[in-house]
Amino acid sequence: MLHDAVGRAFPAAQLIAVDHFSLVFERAVGDCGLETLFDVASLTKPLATTTLAMMAIDEGALALDDRPRPDVTVGELLAHSSGLPAWKRLGDTRAEVLRAVRAEPLESPPGAVARYSDLGFILLGATVEQALGETLDAAFARRIAQPLGIATGFGPRDPSMCAPTEGELRGVVHDENAR
C-alpha cells in the first residue's frame, strides 16, 4: 500500500510498528531511507504548541480567557474557533508574520465556526512564548523532548538528510509562514 502511494500521495514515507516498546516492523519507501528526516511542522501544533499552552495554563501563566488580540481568546485559538482564516501568506520575516496575524480580519465571529487555522496557531504560539518567557523550540526541548528522550528539533536541516516535501523542497518547512 505504501509503495502504491509513492508519487500519488507523497514522495516518501516511513512506517514503523512497535509492540510493547519493541520495534517489530520498519519500512521506508520512495525518496528516503530509514534514517531520513521528515518535515513534521504540522505536528508542532498538537504536539508542541497545544501541549505547551496546557502547561502554561496549568502553571497559571496563561488562561483560556486571555486575549492575544482584543477579539480572540486563547480558548478560541485552541479550539480553532477564533474566526481567523485557515491560511494566508503573511510575510517573509517572523516580525512581519506576527504583525500581520495580529491585524488579520476575522472571517467569522469568534466561537461561531470551527475552522482549522494555521494563523490562529501562529498567534497562539507567540502567546505561549510570551507566557512561558522562552521560544517554542526552547520550551519544547526543555519541557517535553528532553524529559521524554525525544531527539527532535526545529529549524532548517541538511537537505541531504531530508525527505522532499513539496516538489524538491528539502530541509526547510514547506509552509512559508512557518518557515
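Residues numbered from 1 in each chain as written. Predicted model: local features only at pLDDT ≥ 70, side-chain atom pairs only at ≥ 80, totals over all residues. Heavy atoms only, no water.

**Digging into the side chain of S82**
Working step 1: With respect to the helices and strands, the residue S82 is situated in the loop between α3 (74–78) and α4 (94–103).
Working step 2: Only 3.1 Å separates the side chain of S82 from the backbone nitrogen of L84, close enough to count as a polar contact.
Working step 3: Filtering out sequence-adjacent residues up to four positions away, S82 remains in contact with V72, E76, L77, L106, S108 and P110. (Helix = DSSP H or I, 4+ residues; strand = E, 2+ residues; numbered from the N terminus. Polar contact = N/O pair within 3.5 Å; in protein donor to acceptor, adjacent residues only side chain to side chain. Contact = heavy atoms within 4.5 Å.)

**A closer look at the environment of C32**
Working step 1: Tracing the backbone shows C32 in the loop between β2 (22–30) and α2 (44–58).
Working step 2: Exposure remark for C32: the relative accessible area of 17% places this residue in the buried category.
Working step 3: Those residues within four positions of C32 in sequence are excluded, and the remaining contacts are A12, A13, Q14 and F38. (Buried < 20%, exposed > 50% of the residue type's maximum accessible area, 1.4 Å probe, protein only.)

**Let's talk about the pattern of salt bridges**
Working step 1: Evaluated as defined, the whole model comprises nine salt bridges.
Working step 2: Where E104 meets K88, a salt bridge forms, and the shortest distance between an N and an O atom there is 3.1 Å. Taken together, the residues E104 in the loop between α4 and α5 (118–132) and K88 in the loop between α3 and α4 connect sequence positions 16 residues apart.
Working step 3: Between R142 and E134 there is a salt bridge, with its nearest N and O atoms 2.6 Å apart.
Working step 4: Each of the salt bridges in this network shares a partner with another, and the network as a whole consists of E59, E134, R142 and R143. (Salt bridge = Lys/Arg side-chain N within 4 Å of Asp/Glu carboxyl O.)

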